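Each chain, letter by letter, is given below.
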Amino acid sequence: MIRHICMFKLKNENKDALIKEFLERAESLKTIPQLKRYEVVYNDKRTPDSNYDVSLIFDFDSVEDLNAYQSSETHINFGKFVATVKEERACIDYEF
């Protein structure tokens with residue numbers, strides 16, 4: 001199994017609305033057939049501002065399935081949205 005964790009720090013302007021929209025748009029990713037585990041989370045407001053705001057935590061059977069996910073039209077469209085609202089991104093993919 002491959003776990004894909006991708007974290008984003010969103011722009012500060014209207015951040016609560018951006019987080020809400022991010023979470024809503026991320027729902028579209030559930031339709032990608034290679035996805036075995038779907039979890040989208042947001043940072044607790046009581047923690048430091050230096051933390052990332054939202055994270056995708058997804059599992060796939062293989063790296064090939066992860067690559068298929070990343071090249072899917074649904075993911076590409078979501079990525080176009082994210083590019084307009086993110087300030088920073090960090091990602092890790094690992095086998096477990």
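Residues numbered from 1 in each chain as written. Predicted model: local features only at pLDDT ≥ 70, side-chain atom pairs only at ≥ 80, totals over all residues. Heavy atoms only, no water.

- The name that an unreviewed UniProt entry assigns to the protein is Stress responsive A/B Barrel Domain, with the source organism given as Ruminococcus albus.

## So, the side chain of His-75
- Tracing the chain through its elements places His-75 in helix α3 (residues 73-85).
- In terms of polar contacts, His-75 uses its side chain to reach the backbone carbonyl oxygen of Gln-70, at 3.1 Å. (Helix = DSSP H or I, 4+ residues; strand = E, 2+ residues; numbered from the N terminus. Polar contact = N/O pair within 3.5 Å; in protein donor to acceptor, adjacent residues only side chain to side chain.)

## Comments concerning the layout of surface pockets
- Taken as a whole, the largest pocket encloses approximately 280 Å³ of empty space.
- Forming the walls of the largest pocket are 14 residues, and the residues nearest its centre are Lys-15, Ile-19, Lys-45, Asp-49 and Asp-53.
- Class assignment for the residues of the lining of the largest pocket results in four nonpolar, four polar and six charged. (1 Å grid on protein atoms, 1.4 Å probe; cavity = no way out; pocket = protein on both sides within 12 Å on 5 of 7 lines; lining within 4 Å. Points joined across faces, edges and corners; volume = space filled by probe spheres on them. Nonpolar A, V, L, I, M, F, W, Y, C, P; charged D, E, K, R; others polar.)

## Focus: the sheet that holds strand β4 (residues 86-95)
- Pairing is antiparallel in the open sheet, where four strands are placed in the order β2-β3-β1-β4. This sheet does not close on itself; its edge strands, each paired only once, are β2 (37-42) and β4. With strand direction ignored, the average angle separating the axes of adjacent strands in the sheet is 10°.
- Where strand β1 (residues 2-10) lies against strand β3 (residues 54-60), seven bridges are found, and the strand directions are antiparallel. Opposite His-4, over in β3, you have Phe-58 as the bridge partner.
- Where α3 meets the sheet, its contacts fall on β1, β3 and β4, and the angle it forms with β4 comes to roughly 135°. (Pairing = 2+ DSSP bridges. Axes fitted to C-alpha atoms, helices over the stretch in contact; angles between N-to-C directions. Contact = heavy atoms within 4.5 Å.)

## Quick notes on the pattern of salt bridges
- Across all of its chains, the model carries nine salt bridges by this definition.
- Two residues, Glu-27 and Lys-30, come together in a salt bridge whose shortest N-O distance is 3.1 Å.
- The salt bridge involving Asp-44 is made with Arg-46; its shortest N-O contact spans 2.6 Å. (Salt bridge = Lys/Arg side-chain N within 4 Å of Asp/Glu carboxyl O.)

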